[in-house]
Amino acid sequence: LISTYSLNLSCSWKLFSVCPCFSSGQQEVAVKPDHNAVLQCQSPKSETIQVLKWSRPDMRSDGYVYFYRNKRSYENYQLPCFHGRVALRDPEMKNGDASLILKNVTANDAGTYDCYVSVGDMKGSKSTHSEIRHLTITDSGESVETR
């Protein structure tokens, strides 16, 4: 018996100035309940991340899974169910790595996760990037096709 839950994350760029666009497309991640999931999100390596928002649009709330601005995270903007359960894979976000570790996943963590990144370079130009991923939570830990 395999229990399967799905989670979606997508990818698009909105440009406010001329800059290269990076898109990692859709990715599927399989993880067992009570394990950690890495939700990958990548912004351009040459730009500084100014704002990072991981959200769950299906939860219809003003809170976030993770919120970062002005070189620090804001736990008070987090949804209560994610307090103490999320961390950046690279807290310094070197090379544009805005990936999130979701700890001790449960069936309730299945759903849509959106990574929104606002970046800037030394010249002051800005761009935004968002990604959506597909996460499968399964008892076996093996990837299972879900639709």
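The structure presented is a predicted model; accordingly, all values stated were derived computationally and were not measured.

1. Some thoughts on the sheet that holds strand β8 (residues 100–102)
So, point 1. Overall, antiparallel pairing links the three strands, which are arranged β3-β8-β7 in an open sheet. Taken across any chain shown, the strands that pair with only one partner, and hence form the sheet edges, are β3 (37–39) and β7 (86–88). On average, each strand axis in the sheet is tilted by 25 degrees relative to the strand beside it, whichever way the strands run.
So, point 2. As paired strands, β7 and β8 are joined by three bridges and run antiparallel to one another. Note on β8: the bridge partner recorded for valine 86 is leucine 102.

2. Describing the state of the cysteines
So, point 1. Under the definition given, this model contains one disulfide.
So, point 2. Between the sulfur atoms of cysteine 41 and its disulfide mate cysteine 115 the distance is 2.1 Å. Of note, the bridge from cysteine 41 to cysteine 115 carries an S-S torsion of about -80 degrees and is left-handed in sense. With cysteine 41 in the loop between β3 and β4 (48–55) and cysteine 115 in strand β9 (residues 114–120), this residue pair connects regions lying 74 residues apart in the sequence. Exposure class is identical for cysteine 41 and cysteine 115. Each is buried.

3. A few points about the side chain of arginine 56
So, point 1. Here arginine 56 is to be found in the loop between β4 and β5 (66–69).
So, point 2. For arginine 56, a relative accessible area of 7% gives the class buried.
So, point 3. Within the local environment of arginine 56, its side chain forms a polar contact with the backbone oxygen of alanine 110, the two atoms lying 2.9 Å apart.
So, point 4. A polar side-chain atom of arginine 56 sits 3.2 Å from a polar atom in the side chain of tyrosine 113.
So, point 5. Filtering out sequence-adjacent residues up to four positions away, arginine 56 remains in contact with Val65, Phe82, Asn108, Asp109, Ala110, Gly111, Thr112 and Tyr113.

4. Quick look at the packing of aromatic side chains
So, point 1. For the coordinates displayed, the defined rule picks out five aromatic pairs.
So, point 2. An angle of 40 degrees between the planes, with centres 5.1 Å apart, marks the rings of tyrosine 64 and phenylalanine 67 as tilted.
So, point 3. Judged by relative accessible area, which is 6%, phenylalanine 67 ranks as buried.
So, point 4. When the ring of phenylalanine 67 is compared with that of tyrosine 74, the centres are 5.9 Å apart and the planes differ by 65 degrees; the resulting orientation is edge-to-face.
So, point 5. Put simply, the rings of Tyr64, Phe67, Tyr74 and Tyr77 pair up and form one aromatic cluster.
So, point 6. Seen from the ring of tyrosine 116, lysine 53 lies directly overhead, with NZ or CZ sitting 4.6 Å from the centre.
So, point 7. Against the face of tyrosine 74 rests arginine 69, its NZ or CZ located 5.5 Å from the ring centre.

5. Re the pattern of salt bridges
So, point 1. Summed over all chains, the structure comprises four salt bridges.
So, point 2. For aspartate 58, the salt bridge is made with arginine 56, and the minimal N-O distance between the two is 3.0 Å.
So, point 3. Judged by its relative accessible area of 41%, aspartate 58 falls in the partly exposed class.
So, point 4. Arginine 89 is paired through a salt bridge with aspartate 97; the nearest N and O atoms lie 3.1 Å apart.
So, point 5. With relative accessibility at 38%, the residue arginine 89 sits in the partly exposed group.

What counts, and where the lines are drawn
- Residues numbered from 1 in each chain as written.
- Predicted model: local features only at pLDDT ≥ 70, side-chain atom pairs only at ≥ 80, totals over all residues.
- Heavy atoms only, no water.
- Pairing = 2+ DSSP bridges.
- Helix = DSSP H or I, 4+ residues; strand = E, 2+ residues; numbered from the N terminus.
- Axes fitted to C-alpha atoms, helices over the stretch in contact; angles between N-to-C directions.
- Disulfide = S-S within 2.5 Å.
- Buried < 20%, exposed > 50% of the residue type's maximum accessible area, 1.4 Å probe, protein only.
- Polar contact = N/O pair within 3.5 Å; in protein donor to acceptor, adjacent residues only side chain to side chain.
- Contact = heavy atoms within 4.5 Å.
- Phe/Tyr/Trp six-rings, centres within 6.5 Å; stacked < 30°, edge-to-face > 60°.
- Lys NZ or Arg CZ within 6 Å of the ring centre and 35° of its normal.
- Salt bridge = Lys/Arg side-chain N within 4 Å of Asp/Glu carboxyl O.

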